[in-house]
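Here is how the chains run, residue by residue.
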Amino acid sequence: MRTRFPALLAASAMTALLAACGGEAELSAADEPLRVGASPVPHAEILRYIDENLAEDAGLDLEIVEFTDYVQPNVALDDGSLDANYFQTTPYLEEQEASAGYDFEALDPVHIEPLGIYSSTLTDLADLPDGATVAIPNDPTNAARALRLLEANGLITLADTGDAAPTSLDIEGNPKNLEISEVEAAQVPRSLADVDIAVINGNYAIEADLVPAEDALALEEGEGNPNANLLVVRTGDEGDERIQELEGLLHSDEVRQFIEENYEGAVLAAF
């Protein structure tokens, strides 16, 4: 079993330690694979592009661990099973830190996945019937984004909650008497056949073979959107040279081009 040294252990101290143990070769955290947890689409796809095309030249050994939910990647980062994760936004991270007590550091924005309103029966939101059913994600951050998107499209009005994220309880105006149903984010696409409209995260829309730029009845605006996805590490690990290498590659021209060419506006570079 290999020993995992702290990311920022000085090279001189490392050398001395190994010499005392009879080691001949220098070992550091940089020699260990960087384990990064990610949602399958587009996060893991972007990481695989980096792994297959850019990592070797950067001297980075990347190990990608896929998660299909929004809870376990932070649990795994907190318990040390991961070195970083790439799936979440700053507002979601802040909510998770407040509720679970995590001590994480968010790095620079990489991309935005605009939430969209979708329907299996409608082609225009103007045709949404009175009493229509609406599925939205159930985690606080994405629920708030979904409610704001509904409001932006004239379907509801929300109370002014200041800096706090709005919830369904903050709906002040509901002229179409919409019935809001909160569903785990990954399951919202599967509920599409059972509701009139659903607000779906960009990554889950892509996995469900939806093309946001074509299939969405409405999309979040990308410009000025605070919900960019980014790399997250444990506080204190942001100086790890492997983290710094990956952070640089995530913001490279090559990754920007990969995003633009592969996601047709469903994913937007945020750098």
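The written sequence of each chain sets the order in which its residues are numbered from 1. Local features in a predicted model are, by the rule used here, given only for residues with pLDDT of at least 70; side-chain atom pairs are given and counted only at 80 or more, and totals for whole chains, interfaces and linings are based on all residues. Only heavy atoms go into the side-chain values, all of them from the structure, while hydrogens and water stay out.

## Points about the packing of helix H2 (residues 40-53) against helix H9 (residues 241-250)
For any two helices packed against each other, the geometry is given by the interaxial angle and the distance between the axes. Stated formally: Between N-to-C directions, angles span 0 to 180 degrees; the directions come from axes that are lines fitted to C-alpha atoms, helices contributing only their stretch in contact. Only DSSP runs of H or I covering at least 4 residues are called helices, and only runs of E covering at least 2 are called strands; the numbering of each starts at the N terminus. An angle below 35 degrees is treated as roughly parallel, one above 145 as roughly antiparallel, one from 65 to 115 as roughly perpendicular, and anything else as oblique. Here, two residues are considered to be in contact whenever any of their heavy atoms come within 4.5 Å of each other. Throughout this entry, Asp, Glu, Lys and Arg are counted as charged residues, while Ala, Val, Leu, Ile, Met, Phe, Trp, Tyr, Cys and Pro are counted as nonpolar. The remaining residues, Gly among them, count as polar.
Look at H2 against H9: their axes get within 11 Å of each other, and the N-to-C directions meet at 105 degrees. Between H2 and H9, the angle is such that the two are roughly perpendicular. Residues Ile-46, Leu-47 and Ile-50 of H2 form the contact with H9, whose own contacting residues are Leu-246, Leu-249 and Leu-250. Split into classes, the residues belonging to the contact of H2 with H9 amount to 6 nonpolar, no polar and no charged.

## Topic: the pattern of salt bridges
Which entries qualify depends on this criterion: What counts as a salt bridge is simple: a side-chain nitrogen of Lys or Arg found within 4 Å of a carboxyl oxygen of Asp or Glu. Partly exposed residues are those whose accessible area sits between 20% and 50% of the maximum for their type, while under 20% is buried and over 50% is exposed, using a 1.4 Å probe and protein chains only.
All told, the structure shown has 6 salt bridges when counted by the stated rule. Between Arg-48 and Glu-66 there is a salt bridge whose closest N-O contact spans 2.6 Å. Here the residue Arg-48 occupies a position in helix H2, and Glu-66 occupies one in strand E2 (residues 62-66), the gap between them amounting to 18 residues. Look at Arg-48 and you get partly exposed, because its relative accessible area is 31%. Each of the salt bridges in this network shares a partner with another, and the network as a whole consists of Asp-83, Asp-240 and Arg-242.

## Some details on the packing of aromatic side chains
Heads up, the rule is: Note on ring pairs: Phe, Tyr and Trp rings are taken, using the six-membered ring of Trp, and paired if centres are within 6.5 Å. Classes follow the plane angle, with under 30 degrees stacked, over 60 edge-to-face and the rest tilted. In this analysis the charged atom, NZ for Lys or CZ for Arg, is taken to sit over a ring once it is within 6 Å of the ring centre and within 35 degrees of the ring normal.
This model, assessed by the stated rule, comprises 7 aromatic pairs. Taking 4.6 Å as the distance between ring centres and 20 degrees as the angle between the ring planes, the aromatic pair formed by Tyr-49 and Phe-258 counts as stacked. Of this pair, Tyr-49 sits in helix H2 while Phe-258 sits in helix H10 (residues 253-262), placing them 209 residues apart in sequence. The two residues Tyr-49 and Phe-258 agree in class, both being buried. Here Phe-87 and Tyr-92 contribute two aromatic rings whose centre-to-centre distance is 6.0 Å and whose plane-to-plane angle is 75 degrees, an arrangement assigned as edge-to-face. The buried category is assigned to Phe-87, whose relative accessible area is 3%. An aromatic cluster is present here, built from Tyr-70, Phe-87, Tyr-92 and Tyr-204 joined pairwise through their rings. Sitting above the plane of the Phe-271 ring, Arg-256 keeps its charged end 4.7 Å from the centroid.

## Regarding H2
How we decide: Helix span is expected to be 1.5 Å times the residue number reduced by one.
The terminal C-alpha atoms of H2 lie 18 Å apart, and with 14 residues this matches the ideal 20 Å at 1.5 Å per residue to within 8%. Those residues of H2 that sit buried are Pro-40, Val-41, Pro-42, His-43, Ala-44, Ile-46, Leu-47, Tyr-49 and Ile-50.

## Some words on the sheet that holds E2
Sheet strands line up and pair through hydrogen bonds in the backbone, either parallel or antiparallel. Selection criterion: We call two strands paired when DSSP finds no fewer than two bridges between them.
If you trace the 6 strands from one edge of the open sheet to the other, you get E2-E1-E3-E12-E4-E13, paired in mixed fashion. Every interior strand has two partners, whereas the edge strands, E2 and strand E13 (268-269), have only one. Inspection of the sheet shows strand E4 (residues 104-112) paired to strand E12 (residues 229-234) by 5 bridges, in the antiparallel sense. Within the sheet, the bridge partner assigned to Ala-106 lies in E12 and is Val-232.

## Focus: the confidence of the model for the protein chain
Formally: In predicted models, pLDDT denotes the confidence assigned by the predictor to each residue on a 0 to 100 scale.
Chain-level pLDDT for the protein chain is 89 on average; 89% of the residues reach the 70-or-more range. For the stretch residues 1-27, pLDDT sits under 50, and the model shows 30 contacts to residues farther than four places along the chain or on other chains.

## Examining the sheet that holds strand E6 (residues 133-137)
Sheet architecture is open: 5 strands sit in the order E9-E6-E10-E5-E11, paired in mixed fashion. Across the chains shown, the open sheet's two edge strands, defined by having one partner strand only, are strand E9 (179-183) and strand E11 (218-219). With 2 bridges joining them, strand E5 (residues 116-118) and E11 adopt antiparallel strand pairing. In the strand pairing of E11, Gly-116 is matched with Leu-219.

## Notes on the environment of Glu-179
As for its position among the elements, Glu-179 is in strand E9. As a C-alpha pair, Glu-179 and Asp-130 span 49 residues in sequence and 9.6 Å in three-dimensional space. With residues up to four places along the chain from it excluded, the contact list for Glu-179 reads Gly-131, Ala-132, Thr-133 and Val-134.

## Looking at H9
Given 3.6 residues to a turn, an α-helix orients residues that are three or four positions apart in the same direction. We apply this condition: When we speak of the arc, we mean the arc of directions from the helix axis to the C-beta atoms.
Buried residues of H9: Arg-242, Ile-243, Leu-246, Glu-247, Leu-249 and Leu-250, and no others. The buried residues of H9 occupy an angular sector of 165 degrees when projected down its axis, which confines them to one face.

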